[in-house]
Amino acid sequence: MADRVTVIGWDGSPLTAAARSALSAATLVAGAGHHLALPEVPPTAERIRLGSLGLAARRIAGHRGTAVVFADGDPGFFGAVRTLRAPEHGLEVEVVPAVSSVAAAFARAGMPWDDAQVVVAHPRTLRRAVNVCRAHPKVAVLTSPGAGPAELALLLGGVHRTFVICEELGTAREQVSVLTSDRVADHSWRDPNVVIVIGGQASAATPSAAAEPAWLLGQTPAQSGPRGWARPAPGTGEGESAQLRAAQLARLGPRTGDLVWDIGTGSGALAVEAAAFGAAVIAVDADPRACERAAAAARERGVQLQVVAGRAPHVLEDLPEPDVVRVGGGGAEVARAVADRRPERIVSHASTRDEAEAIGRALTEGGYTVECALLQSVGLDTRTWGEQDRSVVFLLAAERPVNR
């Protein structure tokens, strides 16, 4: 095992005295090409050009001597320190930090970032990173080859955003570009780069900086709003009771990185609730007035919502792949079309047993495990304790088996 491992963050600034001291004693230095070209790297040290950090960690663990690992920005922030300290490598490290690439990118843009979401995009996680960009008005994306600015913009599709693309921060080739998402795919971008994705609808619930200072990194307006979820909402129609909505949200489990379809959104109550959990949401309805109500509800709650006017199942063909879906209208035909897209979970409801059986049969034939429950709720007037509202509905919840 290496006698000593020092991880040096690099942001283009002159190396600190601590970094120079560690380098002068190094018998092995690992880093990218621009790190290994630094004049402070001892000419006698073994050099490892970083590709797979895991492979480099195994080399370092077997090295007899003193090792230095370079990383761009702050190596403790989505960086090398986590991998090197993993139990399978058994490395104890000393860290000489630098300004993180995210902090540098926001500094170049002249923007605060305590209200930003930060995600890492790899080809295998790109879709989830895009969903975060759909759901939040300010996101910093640490990109990688095959999951860069062009790929982000293409997957965003019709969702309009502004991209601030920071290429090769801290080097002589540093460049910052600002352009709209529909133009990003027309360019070639150099690695490494950080992308700040900003935009989305204005929020009626967004507090001013003077009224409520930020205290939580990445806090959204929805998180600072009224407590609770599945609260009674004005203007809700049949199949949108707070009790049914609570049960459907519990079965869906929307979370950050997910894309939710809410088909037959009606008032938009469930769509807005799902977005408040951090998920990206596409609300679909054939009624233009319902689409307007859903958009207004999203502005009021302070969440991002993409509203699509059209009739299911045909309007679903051009939508990006969902993680979870609520079928609020369209019955068995729409449920069958949704099952063909293979989301992880689907919920629906029915007012009659025959309708519930038809929806359940369509989902079962689509390869899903289906459960059904009869929900009954009665609202009481607490002044007289008399009945106000009674709701009886069948709740259907379907889950895709893990191996399908």
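Placed above this text is the structure.
Keep in mind that this is a model prediction, so the values were computed, not measured.

(A) Spatial organisation of the nonpolar core. If you look at the biggest cluster of nonpolar residues, it comprises 27 residues, and the most contacted ones within it are Trp 261, Ile 263, Leu 316, Val 338 and Ile 346. Only strand S11 (259–263), strand S12 (280–285), strand S14 (324–327), helix H12 (331–339), strand S15 (345–350), helix H13 (353–365) and strand S17 (386–399) provide two or more residues apiece to this core. If one sorts the elements of this core by residue count, H12 sits on top with four residues. If we skip the residues at most four places from it in the chain, Ile 346 touches Leu 252, Val 325, Val 327, Val 338, Ala 339, Leu 363, Tyr 368, Leu 396, Ala 397 and Ala 398. Listed in part, the 21 residues of the second largest apolar core include Cys 133, Leu 152, Leu 179 and Val 195.

(B) Main features of helix H5 (residues 101–109). Here H5 has its buried residues at Val 102, Ala 103, Ala 104, Ala 105 and Phe 106. Next to the buried residues of H5 lie strand S6 (117–120), strand S7 (138–142), strand S8 (162–167) and strand S10 (193–198).

(C) Spatial organisation of the environment of Leu 38. Mapped onto the elements, Leu 38 comes out in the loop between helix H2 (33–36) and strand S3 (46–49). In this structure Leu 38 comes out as buried when scored by relative accessible area, which is 17%. Separated by 236 residues in the primary sequence, Leu 38 and Ala 274 have C-alpha atoms spaced 49 Å apart. Discounting residues that sit within four places of it in the chain, Leu 38 has contacts with Trp 10, Leu 15 and Phe 70.

(D) Structural view of the sheet that holds S3. Spatially, five strands are ordered S3-S2-S4-S1-S5 in an open sheet, and the strand pairing comes out parallel. Where the open sheet ends on each side, the last strands, each with one partner, are S3 and strand S5 (93–96). Within this sheet the neighbouring strands show an average axis-to-axis angle of 20°, counted without direction. Across seven bridges, the pairing between strand S1 (residues 4–10) and strand S4 (residues 66–72) is parallel. Bridge pairing links Gly 9 to Ala 71 in S4.

(E) Quick peek at the pattern of salt bridges. For the coordinates displayed, the defined rule picks out 20 salt bridges. Here Arg 85 and Glu 92 are joined by a salt bridge, their closest N and O atoms 3.5 Å apart. On the basis of relative accessibility, which here comes to 47%, the residue Arg 85 falls in the partly exposed class. Glu 92 sits in the exposed class, given a relative accessible area of 60%.

(F) Just the layout of surface pockets, in detail. Computed from the structure, the largest pocket encloses a volume of approximately 1,500 Å³. Asp 72, Phe 78, Gly 79, Thr 143 and Pro 192 are, among the 49 residues lining the largest pocket, the residues nearest its centre. Of all the secondary structure elements, the ones that give two or more residues to the lining of the largest pocket are H2, S4, helix H4 (80–84), H5, S6 and S10. A class-by-class count of the residues in the lining of the largest pocket yields 23 nonpolar, 17 polar and nine charged.

(G) Geometry of the packing of helix H6 (residues 126–135) against helix H7 (residues 149–156). Relative orientation of the contacting elements H6 and H7 amounts to 65°, with a least axis distance of 10 Å. As for the relative orientation of H6 and H7, their crossing is right-handed in sense. Seen from H6, the contacting residues are Leu 126, Arg 127, Val 130, Cys 133 and Arg 134; seen from H7, they are Glu 151, Leu 152, Leu 155 and Leu 156. Taken together, the residues of the contact of H6 with H7 sort by class into six nonpolar, no polar and three charged.

(H) Region of interest: the sheet that holds strand S9 (residues 175–180). Overall, mixed pairing links the five strands, which are arranged S6-S7-S10-S8-S9 in an open sheet. Taken across any chain shown, the strands that pair with only one partner, and hence form the sheet edges, are S6 and S9. Between one strand axis and the next, the sheet turns through 20° on average, direction left out of account. Sitting on the sheet, H7 touches S7, S8 and S10, and the angle it makes with S8 is about 165°.

(I) Structural context of the pairing of strand S2 (residues 28–31). Side chains of S2 alternate between two faces, with Leu 28 and Ala 30 and Val 29 and Gly 31 buried alike. Direction of pairing for S2 relative to S3: parallel, over a ladder of four bridges. In the sheet register, Gly 31 faces S3, and the bridge partner there is Arg 49. When S2 meets S4, the two strands line up parallel, connected through three bridges. In the sheet register, Leu 28 faces S4, and the bridge partner there is Ala 67.

(J) Focus on unusual backbone geometry. Here the amide bond leading from Asp 191 into Pro 192 is cis, since omega sits at -5°, within 30 degrees of zero. Structurally, Pro 192 is set in the loop between helix H8 (181–184) and S10. Going from Ala 312 to Pro 313, the amide bond is cis rather than trans, its omega being 10°. Even without a glycine there, the phi angle at Ala 230 is positive, about 55°. In this structure, Ala 230 sits in the loop between S10 and helix H9 (242–252). Its relative accessible area of 12% is what places Ala 230 among the buried residues. A positive phi is found at Arg 342, a non-glycine position, where the angle reads about 60°. Note that Arg 342 resides in the loop between H12 and S15. On the basis of relative accessible area, Arg 342 is assigned to the partly exposed category, the value being 28%.

About the thresholds
- Residues numbered from 1 in each chain as written.
- Predicted model: local features only at pLDDT ≥ 70, side-chain atom pairs only at ≥ 80, totals over all residues.
- Heavy atoms only, no water.
- Core = buried A, V, L, I, M, F, W, Y, C linked by side-chain atoms within 4.5 Å.
- Buried < 20%, exposed > 50% of the residue type's maximum accessible area, 1.4 Å probe, protein only.
- Helix = DSSP H or I, 4+ residues; strand = E, 2+ residues; numbered from the N terminus.
- Contact = heavy atoms within 4.5 Å.
- Pairing = 2+ DSSP bridges.
- Axes fitted to C-alpha atoms, helices over the stretch in contact; angles between N-to-C directions.
- Salt bridge = Lys/Arg side-chain N within 4 Å of Asp/Glu carboxyl O.
- 1 Å grid on protein atoms, 1.4 Å probe; cavity = no way out; pocket = protein on both sides within 12 Å on 5 of 7 lines; lining within 4 Å.
- Points joined across faces, edges and corners; volume = space filled by probe spheres on them.
- Nonpolar A, V, L, I, M, F, W, Y, C, P; charged D, E, K, R; others polar.
- Left-handed = near helix turned anticlockwise from the far one by under 90°.

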